[in-house]
Amino acid sequence: MKVPFLDLSRIDIAIQQRLINKLDQILKAGLFSGGPEVSLLENYIREKLSSNFFISCANGTDALELALRGIEIKPDDEVILPALTWVSTAEAVIMTGAKPIFVDTDENGLISNEWSKAIGKNTKAVIPVHLYGKMAEMTSICSKAKKYGIAVIEDAAQAFGAFQKGKAAGTWGDVGCLSFYPTKNLGALGEAGGCLTQKNKLRERITLLANHGQNRRNSHLLVGRNSRIDTLQAGFLNVLLEEFDLLQIKRKNIARIYLEELMGIGDLILPKGILEADHSAHLFALQFEKRDQLKDHLSTKGIETGVYYPEILPDMPAYYTEGQFDEARRISRQTLSLPLNPWLTENEILEIIKAIQTFF
Ligand SMILES: *Cc1c(COP(=O)(O)O)cnc(C)c1O
């Protein structure tokens with residue numbers, strides 16, 4: 001038996017057919033940049049997340065960079081971010097000329113409560129990352145940031161559709177960044193992303209930056225870039241958004257089965273809060289001291305797993321920074337993600353659980 005971590009060729013035939021119909025419809029309309037599919041997507045997401053504004057863009061990494069340029073980051077400004085995250089979070093900071101200040105995480109991989117100790121006179125922003133889909137404590141982060149007069153940019157690339165205290169991931173901060181990379185819990189059939197914001201000033205600036213600084217044809221108010229979303233991807237996302245809630249229920253159900261069946265086995269640490277509203281169940285990331293042994297065991301049983309992420313950013317040569325990152329480093333050594341997606345079969349889920357039980 002072979003259980004893939006995520007096999008996107010398994011998207012339900014009925015959904016595939018609707019995606020093909022959408023392609024057909026866009027081909028017939030002959031509009032491949034901008035157009036009604038893009039406005040439809042932007043409105044759809046605004047409404048779904050109760051956000052004042054949503055600006056689509058080319059991908060989640062661009063969304064982070066646009067957000068930073070949106071808040072007018074300057075060279076030598078500092079931006080605080082967790083040591084354990086996907087590389088984009090730090091990459092975007094450096095691309096704007098600012099300096100990433102890495103801080104440790106808590107035991108769940110979220111930015112440590114102590115992050116505000118890293119605030120200095122050059123600190124411009126903090127980027128909490130909702131890692132694995134679990135939202136960081138936004139009330140506390142936003143109130144500290146407000147106290148020190150710094151901006152909050154949420155990296156919500158893994159947390160689409162999560163809500164904390166009734167407020168969506170990405171709508172707490174000055175800007176919230178989304179990614180629709182195909183493997184995310186809302187994934188396009190290619191690259192796409194966007195920025196949520198509640199402030200009209202930021203909406204205006206980010207909209208300009210993502211489209212050559214252009215307010216109308218041949219008038220360029222800012223040095224921007226081309227980070228427009230692809231119309232086809234916007235169209236596909238409009239189809240996939242209609243399925244989103246149902247697919248999330250399937251993810252949560254699988255997460256519930258894992259929790260019930262794996263509770264108390266060995267010293268596995270199961271993901272906290274994965275069934276709560278403020279977790280998108282993007283990944284089922286457990287922690288275990290003998291992670292590599294368990295991973296190898298599952299692999300011999302044909303079960304693919306993932307490691308997010310095997311190395312923390314400040315330990316990589318390109319991002320090398322000294323500091324105290326013990327917890328983030330521990331997680332990078334102990335985290336293991338089990339397959340968690342709506343296309344897993346019941347049989348596969350049972351196989352995964354059985355294989356873990358036989359390991360112990
Ligand atoms: C996926 C991801 C991004 C980047 O999104 P892309 O669309 O792949 O550019 C940024 N941050 C985190 C935490 C991510 O998981």
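Rules used in this analysis
Residues numbered from 1 in each chain as written. Predicted model: local features only at pLDDT ≥ 70, side-chain atom pairs only at ≥ 80, totals over all residues. Heavy atoms only, no water. Buried < 20%, exposed > 50% of the residue type's maximum accessible area, 1.4 Å probe, protein only. Helix = DSSP H or I, 4+ residues; strand = E, 2+ residues; numbered from the N terminus. Phe/Tyr/Trp six-rings, centres within 6.5 Å; stacked < 30°, edge-to-face > 60°. Lys NZ or Arg CZ within 6 Å of the ring centre and 35° of its normal. Salt bridge = Lys/Arg side-chain N within 4 Å of Asp/Glu carboxyl O. Core = buried A, V, L, I, M, F, W, Y, C linked by side-chain atoms within 4.5 Å. Contact = heavy atoms within 4.5 Å. Near = heavy atom within 4 Å. Polar contact = N/O pair within 3.5 Å; in protein donor to acceptor, adjacent residues only side chain to side chain. Areas by Shrake-Rupley, 256 points an atom, 1.4 Å probe, with all protein chains shown as cover. 1 Å grid on protein atoms, 1.4 Å probe; cavity = no way out; pocket = protein on both sides within 12 Å on 5 of 7 lines; lining within 4 Å. Sits in = over half its atoms within 2 Å of the grid points. Nonpolar A, V, L, I, M, F, W, Y, C, P; charged D, E, K, R; others polar. Pairing = 2+ DSSP bridges. Points joined across faces, edges and corners; volume = space filled by probe spheres on them. Axes fitted to C-alpha atoms, helices over the stretch in contact; angles between N-to-C directions. Left-handed = near helix turned anticlockwise from the far one by under 90°.

Chemist: Hey, could you go over helix H4 (residues 88–95) for me, with residue numbers and the actual values?
Modeler: Every buried residue of H4 is accounted for by Ser 88, Thr 89, Ala 90, Ala 92 and Val 93. In the stretch just after H4, Gly 97 is the one whose phi turns positive, near 90 degrees.

Chemist: Give a detailed account of the packing of aromatic side chains, specifying residues and quantitative values.
Modeler: The full count for this structure, using the stated rule, is ten aromatic pairs. On the numbers, 6.4 Å between centres and 65 degrees between planes, the contact of Phe 54 with Phe 180 is edge-to-face. Placement of the pair is Phe 54 in strand S1 (residues 53–57) and Phe 180 in the loop between strand S8 (175–179) and strand S9 (193–197), with a sequence separation of 126 residues. Each of the two residues, Phe 54 as well as Phe 180, counts as buried. Between the NZ or CZ atom of Lys 167 and the centre of the ring of Trp 172, over which it lies, the distance is 4.5 Å.

Chemist: Break down the pattern of salt bridges for me, citing the residues and quoting the values.
Modeler: On inspection of all chains with the given rule, the structure shows 18 salt bridges. In this structure, Glu 114 and Lys 117 form a salt bridge, with 2.6 Å as the shortest nitrogen-oxygen distance. Under the relative-accessibility criterion, Glu 114 is labelled partly exposed at 45%. For Lys 117, a relative accessible area of 66% translates into the label exposed. Between Lys 199 and Asp 174 there is a salt bridge, with its nearest N and O atoms 2.6 Å apart. With Lys 199 in the loop between S9 and helix H6 (200–209) and Asp 174 in the loop between strand S7 (167–168) and S8, this residue pair connects regions lying 25 residues apart in the sequence.

Chemist: Tell me what's going on with the nonpolar core, and back it up with residues and numbers.
Modeler: Formed by 46 residues in total, the largest nonpolar core has its most connected members in Ile 45, Trp 115, Phe 160, Leu 178 and Phe 180. Secondary structure elements with two or more residues in this core: helix H1 (13–29), helix H2 (36–48), strand S3 (99–103), helix H5 (138–148) and helix H7 (231–262). Counting residues per element, this core draws most heavily on H7, which supplies eight residues. With sequence-adjacent residues up to four places away left out, Ile 45 is seen in contact with Phe 54, Phe 160, Leu 178, Phe 180, Leu 196 and Leu 241.

Chemist: Describe the site of the ligand, with residues and values.
Modeler: Near the ligand lie 15 residues; those nearest to it are Gly 60, Thr 61, Asp 155, Ser 179 and Lys 184. Within the side chain of Ser 179, a nitrogen or oxygen atom sits 2.7 Å from an oxygen atom of the ligand. One nitrogen or oxygen atom from the side chain of Lys 184 is found 2.9 Å from an oxygen atom belonging to the ligand. Coverage of the ligand by the protein amounts to 93% of the 380 Å² it exposes when considered alone. Judged by the proximity of its atoms to the pocket grid, the ligand belongs to the largest pocket. If one sorts the elements of the shell around the ligand by residue count, helix H3 (residues 60–70) sits on top with three residues. The residue makeup of the shell around the ligand, split by class, is six nonpolar, seven polar and two charged.

Chemist: Got a sec to walk through the pairing of S1? Specific residues and values, please.
Modeler: Most of S1 sits inside the fold, with four of its five residues counted as buried. Sheet topology note: the S1/S9 ladder contains five bridges and is antiparallel. Looking across to S9, one finds that Cys 57 is bridged to Gly 193.

Chemist: So what's going on with empty space enclosed by the protein? Which residues, and what values?
Modeler: Where empty space is left can be seen by rolling a probe of water-molecule size over the atoms. A full pass over the atoms with the stated rule returns one cavity of 30 Å³ or more. Of the voids in this model, the largest cavity is the one considered here, and its volume is about 130 Å³. Lining the largest cavity are 13 residues, with Asn 108, Tyr 132, Pro 271, Lys 272 and Ala 285 positioned closest to its centre. Here the lining of the largest cavity is built from residues that sort into seven nonpolar, three polar and three charged.

Chemist: Residue-level account of unusual backbone geometry, with values.
Modeler: Here Tyr 308 and Tyr 309 are connected by a cis peptide whose omega angle stands at 5 degrees. In this structure, Tyr 309 sits in the loop between helix H8 (291–300) and helix H9 (326–334). Notably, Glu 72 is not glycine yet its phi reads approximately 60 degrees, a positive angle. Inspection of the secondary structure assignment puts Glu 72 in the loop between H3 and strand S2 (78–82). With a phi angle near 65 degrees, Asn 218 is a residue other than glycine that sits in the positive phi range. Along the chain, the position of Asn 218 falls in the loop between strand S10 (214–216) and strand S11 (219–220). Using a relative accessible area of 64% as the deciding quantity, one classes Asn 218 as exposed.

Chemist: Provide a residue-level description of the environment of Arg 291, including the pertinent values.
Modeler: Relative to the elements of secondary structure, Arg 291 occurs in helix H8. Spatially, the C-alpha atoms of Arg 291 and Pro 314 are 22 Å apart, while their sequence positions differ by 23 residues. Every residue in contact with Arg 291, bar those within four places of it in the chain, is listed here: Val 307, Ser 332, Arg 333, Gln 334, Thr 335 and Leu 336. For Arg 291, the side chain forms a polar contact with the main-chain oxygen of Ser 332, separated by 3.1 Å.

Chemist: Can you lay out the packing of H2 against H7 for me, pointing to particular residues and giving the numbers?
Modeler: It is the contact of H2 with H7, at a shortest axis distance of 8 Å, that shows an interaxial angle of 35 degrees. Crossing geometry of H2 relative to H7 is assigned as left-handed. Taking contact as the criterion, the partners of Glu 37, Val 38, Leu 40, Leu 41, Tyr 44, Ile 45 and Lys 48 in H2 are, on H7, Thr 231, Ala 234, Gly 235, Leu 237, Asn 238, Leu 241, Glu 242, Phe 244 and Asp 245. In the contact of H2 with H7, the residues fall into nine nonpolar, three polar and four charged.

Don't take any of this as a statement about function, it's just geometry.
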